[in-house]
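As a plain string of letters, each chain reads:
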Amino acid sequence: MAEPLRIAYSPCPNDTFVFHAWAHGLLPGADAPEVLFADIDVTNGLAGAGGGTSRPEAGAELDVLKISYGALPWVLDEYALLPCGGALGRGCGPLVLTRPDGPADLTGRTVAVPSERSTAYLLFRLWAARAVPGGFGRIVVLPFHEIMPAVRDGRVDAGLVIHEARFTYQQYGLSCLADMGEAWEAETGLPIPLGAIIARRSLGADRLRELAGTIRSSVEAAWADPAASREYVRAHAQELDPAVADQHIALYVNEFTADLGEAGYAAVRALLDRAAAEGLVPAVGPDALAFP
């Protein structure tokens, strides 16, 4: 009997919602994979985009991973971008937060970010190239759940936040200085590329196409019966209010999750090309995003 595939994704509600049916063996003809739960900065490293560090040995055993689109240029030699299962959208971008009495200009200021190999960071740097021409004082990397407390407590001047922080930052008494997704959409007219699903190229083209079909079926099953995944979603997001988890899913699971489509691929290409032009990521070849 063949070994089950190994997949790594986050415990965030959108991922557990999307992968519930596959993870529980509910799809005809698709064996349940082994699942590793890890925050996206960890999966970026497991795929080989860990800020220049070598990939941990465990990464070589993973067949499918959810990573940041911002990490994609470092891993495309070994992994193919799948056309479904990821996170893109509109009105769902990262936010730059400050205290209500905080600076209106971030020139010379300290800003906390959740990763330097993330889509959020690329969007932030592309925005800052226009909005903060004088440059920051310092950028510090903090786990995303520590960023809002750090801003609130004055340990940093501003923070770049992602995920459900869009719905909860007011609880920390913070204000939104700028919406990175809003800036991106205004400039490009394209959806915001956030999280990608990748799979090992060594699986072969036929297996990759089969995998894409399985993931698309898992998305469709989640939409057909949203209640089926509720316990799984909540078990991995116990700190979230159920209403916030539902908002999270509604925002990040959408038409682009089922199929990137022309607009989705255009958004990914635009992000990576603009980031490469700023020296933030390696350049991506013309065929590197093509699905086998």
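Residues numbered from 1 in each chain as written. Predicted model: local features only at pLDDT ≥ 70, side-chain atom pairs only at ≥ 80, totals over all residues. Heavy atoms only, no water.

Section: the confidence of the model for the chain
Note: predicted coordinates in regions of low pLDDT should not be interpreted at a detailed level. Per-residue pLDDT for the chain averages 92, and the proportion of residues at 70 or more is 96%. Below a pLDDT of 50 lies the segment residues 52–59, which in the model reaches 14 contacts outside its immediate sequence neighbourhood of four places, other chains included. (pLDDT = per-residue confidence, 0-100. Contact = heavy atoms within 4.5 Å.)

Overview of the state of the cysteines
Disulfide: a covalent bond formed between the sulfur atoms of two cysteine residues. Counted by the stated rule, this structure contains 0 disulfides. Looking at Cys 92, it has no disulfide partner, and the nearest cysteine sulfur is the one in Cys 12, 13 Å off. A residue is classified by how much of its surface remains accessible, and Cys 92, at 2% relative accessible area, is buried. Take Cys 176: it sits in no disulfide, and the sulfur closest to it among the cysteines is that of Cys 92, at 14 Å. The partly exposed category is assigned to Cys 176, whose relative accessible area is 33%. (Disulfide = S-S within 2.5 Å. Buried < 20%, exposed > 50% of the residue type's maximum accessible area, 1.4 Å probe, protein only.)

Focus on the side chain of Asn 254
When you line up the elements, Asn 254 lands in the loop between helix 9 (242–252) and helix 10 (255–258). The exposure class assigned to Asn 254 is buried, which follows from its relative accessible area of 15%. Here Leu 251 takes part through its backbone oxygen, which lies 3.4 Å from a polar atom of the side chain of Asn 254. Those residues in contact with Asn 254, other than ones at most four positions away along the chain, are Leu 88, Gly 89 and Trp 223. (Helix = DSSP H or I, 4+ residues; strand = E, 2+ residues; numbered from the N terminus. Polar contact = N/O pair within 3.5 Å; in protein donor to acceptor, adjacent residues only side chain to side chain.)

Re the packing of aromatic side chains
Across all of its chains, the model carries 6 aromatic pairs by this definition. Where Phe 19 meets Trp 22, the ring centres are 6.4 Å apart and the plane angle is 45°; that geometry is what we call tilted. Of this pair, Phe 19 and Trp 22 are both found in helix 1 (residues 13–23), 3 residues apart, which corresponds to roughly one turn of the helix. Each member of the pair Phe 19 and Trp 22 is classed as buried. A connected cluster of aromatic rings, assembled from ring pairs, spans Tyr 9, Phe 19, Trp 22, Phe 37 and Tyr 232. The positively charged end of Arg 117 is found above the aromatic ring belonging to Trp 74, 3.6 Å away from the centroid. (Phe/Tyr/Trp six-rings, centres within 6.5 Å; stacked < 30°, edge-to-face > 60°. Lys NZ or Arg CZ within 6 Å of the ring centre and 35° of its normal.)

Re the pairing of strand 11 (residues 192–200)
Taken across its 9 residues, strand 11 has 8 buried, putting it largely inside the fold. In the sheet, strand 3 (residues 64–68) pairs with strand 11 via 5 bridges, with the strands oriented antiparallel. Note on strand 11: the bridge partner recorded for Leu 65 is Ile 198. Where strand 4 (residues 79–81) meets strand 11, 3 bridges bridge the pair, whose relative direction is antiparallel. Looking at strand 11, one finds that Leu 81 is bridged to Ile 198. Where strand 5 (residues 87–89) and strand 11 come together, 3 bridges link them in antiparallel fashion. When the bridges of strand 11 are listed, Leu 88 appears paired with Pro 193. (Pairing = 2+ DSSP bridges.)

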